[in-house]
Amino acid sequence: MSNHKSLHQLGWSPSFQQQLSLEELETFTIGRVITQHRSRLEVETEAGITSLPTTHAMPAMTVGDWLLLDLENHFYRALDRLTLFARKAAGSKVETQLIAANVDTLFIVSSLNEEFNLNRIERYLAIAAEAGVEPVVVLSKADLCQDPDSYVQLIEAIDPILSVVPVNGQQSDSVAELNLWCTTGRTVALLGSSGVGKSTLVNTLLGGGHQATQGIRLDDSKGRHTTTGRSLHFIPSGGILIDTPGMRELQLYDCEQGIEESFSDITSLAEQCRFSDCAHQGEPGCAVESAIEQGKLDQRRLLNYQKLMREQQQNSATIAQKRARDRALGRFYRSTLKASQKLKKGTG
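As the structure is a prediction and not an experimental result, all values here were calculated from the model.

The rules behind these values
Residues numbered from 1 in each chain as written. Predicted model: local features only at pLDDT ≥ 70, side-chain atom pairs only at ≥ 80, totals over all residues. Heavy atoms only, no water. Helix = DSSP H or I, 4+ residues; strand = E, 2+ residues; numbered from the N terminus. Buried < 20%, exposed > 50% of the residue type's maximum accessible area, 1.4 Å probe, protein only. Contact = heavy atoms within 4.5 Å. Axes fitted to C-alpha atoms, helices over the stretch in contact; angles between N-to-C directions. Parallel < 35°, antiparallel > 145°, perpendicular 65-115°, else oblique. Left-handed = near helix turned anticlockwise from the far one by under 90°. Nonpolar A, V, L, I, M, F, W, Y, C, P; charged D, E, K, R; others polar. Core = buried A, V, L, I, M, F, W, Y, C linked by side-chain atoms within 4.5 Å. Salt bridge = Lys/Arg side-chain N within 4 Å of Asp/Glu carboxyl O. Pairing = 2+ DSSP bridges. Expected span 1.5 Å × (residues − 1). Polar contact = N/O pair within 3.5 Å; in protein donor to acceptor, adjacent residues only side chain to side chain.

(A) Geometry of unusual backbone geometry. A positive phi angle, close to 60 degrees, is found at asparagine 73, a residue other than glycine. Mapping asparagine 73 onto the fold places it in the loop between β4 (66-69) and β5 (75-78). Residues other than glycine seldom take positive phi values, yet asparagine 102 does so here, at roughly 55 degrees. In this structure, asparagine 102 sits in the loop between β7 (96-101) and β8 (105-111).

Laid out in structure tokens, this is it:
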């Protein structure tokens, strides 16, 4: 029996089909990036998996991207993405790092122990909102928690219609509820900090043995970082799962709309403030601070909203400055080259 997958099984949809001309459909092979390495991509087509070396001439691509290959399996072009997760690269480098493309649902994984952090969950919700991807909060290690429902209520207080699923990642019966979002051709990505149980969850969703897992250091409940690459896996229920490394340094950029949407309770209140530029820091007639005083809004949530907005504005400005410098440098190089060519012609 052939293990080859149809385009539908790989996640193909009419939105991608509309990007192709009839000539491209007849001439080129459609493939999806299933694994990303430093210098090559593994691309799966209906004919199987091929290895594609990356070159500087190719656009930056990531797991989940769709592309066209010629008859010799050489890169022709990438298709426009429906969704994209990206971040400001960790560390001091001022550049963008792609995480995953063409995702339908984001599983935001948080463990039910000392690592549980509402601020971090709100950060991931803002990223999902910016990308236009449906978020599902997966609360892992429910078997180690005496009262999972209390954590569910904390998250539902943020957004009552948000899907929240407590699971024991080691038991397939517990994880089975997640299959609602893992039907044939649907792509799911996992986000969460190191040690929250993503690799264990991936193992169980896939039937075991696909990701190495490491134990928890019981003294601080922090798991050791396990996943080091980005890869796409196929779930027995028919879904497609993109696993990403733990991202302790995940930073926001170009995410203002996502933050505004995921903190819509605050932005709605802000519209009622006396001053349009109210900073919610003691100004008269501040509807946001009034809601906090009346117990309708959590002070923690406002502080996190302000923190995330400052972070994304700073990172976006830094990246914009780098792009402007790069453009200026490019113009300088081109003008210098032209001047040099003119000089050579004049003396030749």
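Now that the structure has been shown, we can carry on.
(B) Structural view of the side chain of serine 140. Tracing the backbone shows serine 140 in strand β9 (residues 134-140). In this structure serine 140 comes out as buried when scored by relative accessible area, which is 5%. In contact with serine 140, not counting residues within four places along its chain, are Val109, Ser110, Ser111, Leu112, Val167 and Val196.

(C) Fine view of the packing of helix α3 (residues 118-131) against helix α4 (residues 148-158). Relative orientation of the contacting elements α3 and α4 amounts to 45 degrees, with a least axis distance of 11 Å. One way to sum up the angle between α3 and α4 is to call them oblique. When you trace α3 past α4, the crossing you get is right-handed. From α3, Leu118, Ile121, Glu122 and Leu125 reach across to α4, where they touch Leu154, Ile155 and Ile158. A breakdown of the residues in the contact of α3 with α4 according to their chemical character gives six nonpolar, no polar and one charged.

(D) Highlighting the nonpolar core. Phe85, Leu106, Leu139, Ile155, Ile259 and Val288 are the most contacted members of the largest nonpolar core, which totals 51 residues. In terms of residues, this core owes the most to one element, α3, which gives eight residues. Other than its neighbours up to four places away in sequence, leucine 106 contacts Phe85, Tyr124, Ala128, Val133, Glu134, Pro135, Val136, Ala189, Leu190 and Leu191. Of all hydrophobic cores here, the second largest spans 19 residues; its members include Phe107, Val109, Leu178 and Leu190.

(E) Just the pattern of salt bridges, in detail. Within the structure shown, the criterion is met by 10 salt bridges. As a salt-bridge pair, aspartate 104 and arginine 186 come within 3.8 Å of each other at their nearest N and O atoms. Taken as a pair, aspartate 104 in the loop between β7 and β8 and arginine 186 in the loop between α5 (172-175) and β11 (187-191) lie far apart in primary sequence, 82 residues in all. Note on aspartate 104: relative accessible area 26%, which makes it partly exposed. Assessed through its relative accessible area of 37%, arginine 186 is described here as partly exposed. Here arginine 123 makes a salt bridge to glutamate 311, at a shortest N to O gap of 2.8 Å. Of this pair, arginine 123 sits in helix α3 while glutamate 311 sits in helix α10 (residues 299-347), and the two are 188 residues apart along the sequence. Residue class for glutamate 311 comes out buried when judged on its relative accessible area of 14%.

(F) Up close: the pairing of β4. Along β4, one buried face is formed by Trp66 and Leu68 and the opposite face, lined by Leu67 and Leu69, is buried too. Looking at chain direction, strand β1 (residues 29-36) and β4 are connected through four bridges and run antiparallel. By the bridge assignment for β4, threonine 29 is matched with leucine 69. Note that β4 and β5 share three bridges and pair antiparallel. Paired with leucine 69 across the strands is phenylalanine 75, a residue of β5. The turn linking β4 back onto β5 is made up of five residues, and asparagine 73 within it adopts a positive phi angle of 60 degrees.

(G) Spotlight on α3. Taking 1.5 Å per residue as the helical rise, α3 with its 14 residues ought to reach 20 Å, and the 20 Å between its terminal C-alpha atoms agrees with that figure. With 11 of 14 residues buried, α3 is to be regarded as a mostly interior element. Listed as buried for α3 are Leu118, Ile121, Glu122, Arg123, Tyr124, Leu125, Ala126, Ile127, Ala128, Ala129 and Ala131. With a side-chain oxygen lying 2.9 Å from the backbone nitrogen of asparagine 119, the N-terminal cap of α3 falls on asparagine 117.

Purely geometric numbers; function is a separate question.
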